[in-house]
Amino acid sequence: MKKTATQKRVKASQGAPDKAGDSSGNSSGTTPARHRSRKAPPGKKTSGNKGSKASGKQTSRKAAPAANLLRNKRAGGKKKVTARRGRCSRLSPAAIEEIFARFRADTPEPKSELHYSNPYTLLVAVALSAQATDAGVNKATRELFKRVDTPEKMLELGEDALREQIKTIGLFRNKARNAIAMSRMLVEDYGGQVPDDREALERLPGVGRKTANVVLNVAFGEPTIAVDTHLFRVANRTGLAPGKDPLGVELCLLKVVPQDYLLHAHHWLILHGRYTCVARKPKCPVCIISDLCKFKDKTKPT
Ligand code: SF4
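Draft legend 1. Structural detail: the overall build of the protein chain. Counting its regular elements, the protein chain contains 13 helices and 0 strands. Element order for the protein chain, N to C, with α for helix and β for strand: α-α-α-α-α-α-α-α-α-α-α-α-α. Counting across all 302 residues of the protein chain, residues that qualify as buried make up 42%. The contacts of the protein chain with a sequence gap of at least 6 include a subset with a gap of at least 24, amounting to 71%.

In structure tokens form, the structure reads like this:
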């Protein structure tokens, strides 16, 4: 692979060997669906789409507007969410920029691997995916979403029938109960629409910060980062955003990921963790960011 000027600069500044391979093993994708139909109901505060679009722009070393993004509050609205002080990342700004430049070159338009047709089915699919694989959720929702793609239809289906439809997914009883309660709240409080507002989303039964982040990012184009087990692992191994808990990692990422990459950072990092930086035996010899990664126990070519 021919090195870019930035790659050479990063390598020189770190004195690290260039182990970059040709492939990450990630799947290619298309533009994440953005459904801009929704607003929160009257009287509800909305965050709105700030118009960020990662693809097709020149890269920038300008840091993310973390101060703005970190003013969100936890569900319940009592504890203010702020990034920890001091340096978040073990990587230099140039190395971070290079990592995301490579991710973007490899997969320009990453997308969610969950199947959905609108913000509501996305919300349901993400809520069902807790402690389950995307493939398992897709299998269960394939038939479900043919019949049910609105909260009203979900209420018509009912909890017993929903439970039967999703019984192959872990925690299906609780998830069915929450999906019905969530649908009822959407109908009664939001006119049957999914709100594009974090606080409103996190009020819905079964919806936490991670699910809200995914919906805001994928359905509404917000530059949020949902930290799942894959992303948490990648952030810590690479030194990009080390942290002891998902919230700490998320806040650190919001602080260090360059603005131009924020919209897709979530998917790039998840895909990297899912297919390359896998849990048991990371595929370091073919990893496209191996020369920038700080992980001490990189695997060797066999
Ligand atoms: S641990 Fe290995 S696979 Fe994971 S990011 Fe680092 S070099 Fe890549």
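Structure shown, so let's carry the discussion forward.
Draft legend 2. Here's a closer look at the site of the ligand. Around the ligand, a shell composed of 13 residues is seen, among which Cys277, Pro282, Cys284, Cys287 and Cys293 lie nearest. By residue class, the composition of the shell around the ligand is 7 nonpolar, 3 polar and 3 charged.

Draft legend 3. Summary view of the packing of helix 11 (residues 229-238) against helix 13 (residues 262-275). The N-to-C vectors of helix 11 and helix 13 enclose an angle of 90 degrees; their axes lie 8 Å apart at closest approach. Relative to helix 13, the element helix 11 is oriented roughly perpendicular. Where helix 11 approaches helix 13, its residues His230, Leu231, Arg233, Val234 and Ala235 are matched on the opposing element by Leu269, Ile270, His272, Gly273 and Arg274. When the residues that make up the contact of helix 11 with helix 13 are grouped by side-chain class, the tally is 5 nonpolar, 3 polar and 2 charged.

Draft legend 4. How the structure looks around helix 10 (residues 209-218). By the criterion of burial, helix 10 is predominantly enclosed, with 10 of the 10 residues buried. Those residues of helix 10 that sit buried are Arg209, Lys210, Thr211, Ala212, Asn213, Val214, Val215, Leu216, Asn217 and Val218. Of the surrounding secondary structure, the elements contacted by the buried residues of helix 10 are helix 4 (119-128), helix 9 (198-203) and helix 13.

Draft legend 5. Just the nonpolar core, in detail. Ranked by internal contacts, the top residues of the largest apolar core, which has 74 residues, are Val215, Ala235, Leu253, Val257 and Ala265. The element best represented in this core is helix 4, accounting for 8 residues. Structurally, this core is a two-domain feature, drawing no fewer than three residues from each of domain 1 (5-41 + 67-109 + 223-286) and domain 2 (119-218). Leave out the neighbours within four places in its chain, and Ala235 touches Leu240, Ala241, Pro242, Gly243, Val249, Leu253 and Leu269.

Draft legend 6. Geometry of the packing of helix 4 against helix 8 (residues 172-190). Between helix 4 and helix 8, whose axes approach to 10 Å, the crossing angle comes to 155 degrees. Relative to helix 8, the element helix 4 lies roughly antiparallel. When you trace helix 4 past helix 8, the crossing you get is right-handed. Contact with helix 4, carried on its side by Val124, Ala127 and Leu128, involves Lys175, Asn178 and Ala179 of helix 8 and no other residues of that element.

Draft legend 7. Focus on the confidence of the model for the protein chain. Looking at the protein chain, pLDDT values average 80 and 72% of them are 70 or higher. Note on residues 1-79: pLDDT is under 50 here. Beyond four places in sequence and across chains, it has 156 contacts.

Draft legend 8. Up close: helix 13. Compared with the 20 Å implied by 1.5 Å per residue over 14 residues, the 21 Å span of helix 13 between its first and last C-alpha is a close match. Most of helix 13 is tucked away: 13 of the 14 residues are buried.

Draft legend 9. Structural context of unusual backbone geometry. Look at Gln131: it is not a glycine, yet its phi comes out positive at around 55 degrees. If you check the backbone angles, Leu171 has positive phi at about 60 degrees while not being a glycine. Residue classification places Leu171 among the partly exposed positions, given that 14 C-beta atoms sit within 10 Å.

Draft legend 10. Just the environment of Trp268, in detail. On the secondary structure map, Trp268 appears in helix 13. For Trp268, a count of 24 C-beta atoms within 10 Å puts it in the buried group. Sequence-wise, Trp268 and Arg104 are 164 residues apart; in three dimensions their C-alpha atoms are separated by 7.9 Å. Beyond its immediate chain neighbours, meaning those up to four positions away, Trp268 contacts Phe100, Phe103, Thr107 and Pro110.

Draft legend 11. Quick look at the environment of Ile96. Within the secondary structure, Ile96 is located in helix 3 (residues 93-106). If we ignore the near neighbours within four places in the chain, the residues touching Ile96 are Ser89, Leu91, Leu240, Val256, Val257 and Pro258.

Draft legend 12. Quick peek at the environment of Leu162. Secondary-structure assignment places Leu162 in helix 7 (residues 159-165). Here the alpha-carbon distance between Leu162 and Lys175, two residues 13 residues apart in the chain, equals 9.4 Å. Residues contacting Leu162, with those up to four places away along its chain left out, are Met154, Leu157, Ala176, Ala179 and Ile180.

What counts, and at which threshold
Residues numbered from 1 in each chain as written. Predicted model: local features only at pLDDT ≥ 70, side-chain atom pairs only at ≥ 80, totals over all residues. Helix = DSSP H or I, 4+ residues; strand = E, 2+ residues; numbered from the N terminus. Buried ≥ 20, exposed ≤ 12 C-beta atoms within 10 Å, placed from the backbone. Contact = placed C-beta atoms within 7 Å. Near = placed C-beta within 6 Å. Nonpolar A, V, L, I, M, F, W, Y, C, P; charged D, E, K, R; others polar. Axes fitted to C-alpha atoms, helices over the stretch in contact; angles between N-to-C directions. Parallel < 35°, antiparallel > 145°, perpendicular 65-115°, else oblique. Core = buried A, V, L, I, M, F, W, Y, C linked by C-beta atoms within 7 Å. Domains from an automatic or database assignment. Left-handed = near helix turned anticlockwise from the far one by under 90°. pLDDT = per-residue confidence, 0-100. Expected span 1.5 Å × (residues − 1).

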